[in-house]
Amino acid sequence: MYHCPCTLPDVSTTKGEYEFRFPNIGNTCFMNATLQGLYSVPDFCSDIMTQEVLWSLEAETCLLLQRNIGELYKTRQGQCASKDKKQLLRLIKSSLAVYNEEYHDRSQQDAHEFLMLLFMGLKMEGEAMATSPGYICPTAKFEFKLQCVRTCAR
């Protein structure tokens, strides 16, 4: 019988196979898989962690989503208590509910939609910080513009 890896128990207190996994807080495999993918992109992690002085718990900030993404990354790296993972995942999900009310409940969502919503939230936070010297939006390296559009005519 196959079990979704994100539903395995969180045993982050010991170095081992499950250290980097996130607990399933109720139909959140879509979210966990997307976050695991993002955390495998060094530039994304670097851009988030470079801004820690702006989003840290000591800072008064509008970067709440970025704070939660950064703190979750730190728990994944073993820098914070693993018991915080569930709370951080809930905070990330509820932050996105501001943009899409379907994230308030426990229903399964689409991973692509989650990624786009996450990037939108991070970008909106970043736009509020655009005047801060040295701020780097963590989504900037993922942006592109469509150069050509083809349409079919019959």
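Summarised in this report is the structure supplied together with it.

## A look at the nonpolar core
- Formed by 28 residues in total, the largest nonpolar core has its most connected members in Leu35, Tyr39, Phe44, Ile69, Leu72, Phe114 and Leu118.
- Contributions of two or more residues to this core are made by helix H1 (29-38), helix H2 (42-50), helix H4 (64-76), helix H5 (84-97) and helix H6 (111-128).
- Considering each element in turn, this core owes the most residues, five residues, to H6.
- Here phenylalanine 44 is in contact with Leu38, Tyr39, Ile69, Phe119, Leu122, Pro138 and Phe142, once residues within four sequence places are set aside.

## Re H1
- Along H1, seven of the ten residues are buried, which leaves the element largely enclosed by surrounding structure.
- Buried residues of H1: Cys29, Phe30, Met31, Asn32, Thr34, Leu35 and Leu38, and no others.
- Buried positions along H1 lie against H2, H4, H5 and H6.

## Some points on the environment of phenylalanine 142
- Secondary-structure assignment places phenylalanine 142 in the segment after H6.
- The class for phenylalanine 142 is partly exposed, based on a relative accessible area of 31%.
- Sequence separation between phenylalanine 142 and aspartate 43 is 99 residues; the distance between their C-alpha atoms is 10.0 Å.
- Not counting residues up to four positions away in its chain, the partners in contact with phenylalanine 142 are Leu38, Val41, Phe44 and Phe119.

## What about the pattern of salt bridges?
- Scanning the entire structure with this criterion turns up four salt bridges.
- In this structure, glutamate 71 and lysine 74 form a salt bridge, with 3.5 Å as the shortest nitrogen-oxygen distance. Placement of the pair is glutamate 71 and lysine 74 together in helix H4, with a separation of three residues, close to one helical turn.
- Accessibility expressed as a relative area gives 11% for glutamate 71, which makes it buried.

## With respect to a negative patch on the surface
- A cluster of acidic residues, Glu101, Glu102, Asp110 and Glu113, forms a negative patch at the surface.
- A relative accessible area of 42% means that glutamate 102 is categorised as partly exposed.

## Observations regarding the packing of aromatic side chains
- Going through the model one piece at a time under the given rule, you end up with four aromatic pairs.
- Measuring from centroid to centroid gives 4.8 Å for phenylalanine 119 and phenylalanine 142, while their planes differ by 45 degrees, and the two rings are tilted. Of this pair, phenylalanine 119 sits in helix H6 while phenylalanine 142 sits in the segment after H6, and the two are 23 residues apart along the sequence.
- Note on phenylalanine 119: relative accessible area 13%, which makes it buried.
- Ring pairs connect the aromatic residues Phe44, Phe119 and Phe142, which therefore count as one cluster.

The rules behind each value
Residues numbered from 1 in each chain as written. Predicted model: local features only at pLDDT ≥ 70, side-chain atom pairs only at ≥ 80, totals over all residues. Heavy atoms only, no water. Core = buried A, V, L, I, M, F, W, Y, C linked by side-chain atoms within 4.5 Å. Buried < 20%, exposed > 50% of the residue type's maximum accessible area, 1.4 Å probe, protein only. Helix = DSSP H or I, 4+ residues; strand = E, 2+ residues; numbered from the N terminus. Contact = heavy atoms within 4.5 Å. Salt bridge = Lys/Arg side-chain N within 4 Å of Asp/Glu carboxyl O. Patch = residues over 30% accessible without salt bridge, like charges linked within 9 Å, V, L, I, M, F, W, Y side chains within 5 Å. Areas by Shrake-Rupley, 256 points an atom, 1.4 Å probe, with all protein chains shown as cover. Lys, Arg positive; Asp, Glu negative; His and termini not counted. Charge placed at Lys NZ, Arg CZ, Asp CG, Glu CD. Phe/Tyr/Trp six-rings, centres within 6.5 Å; stacked < 30°, edge-to-face > 60°.

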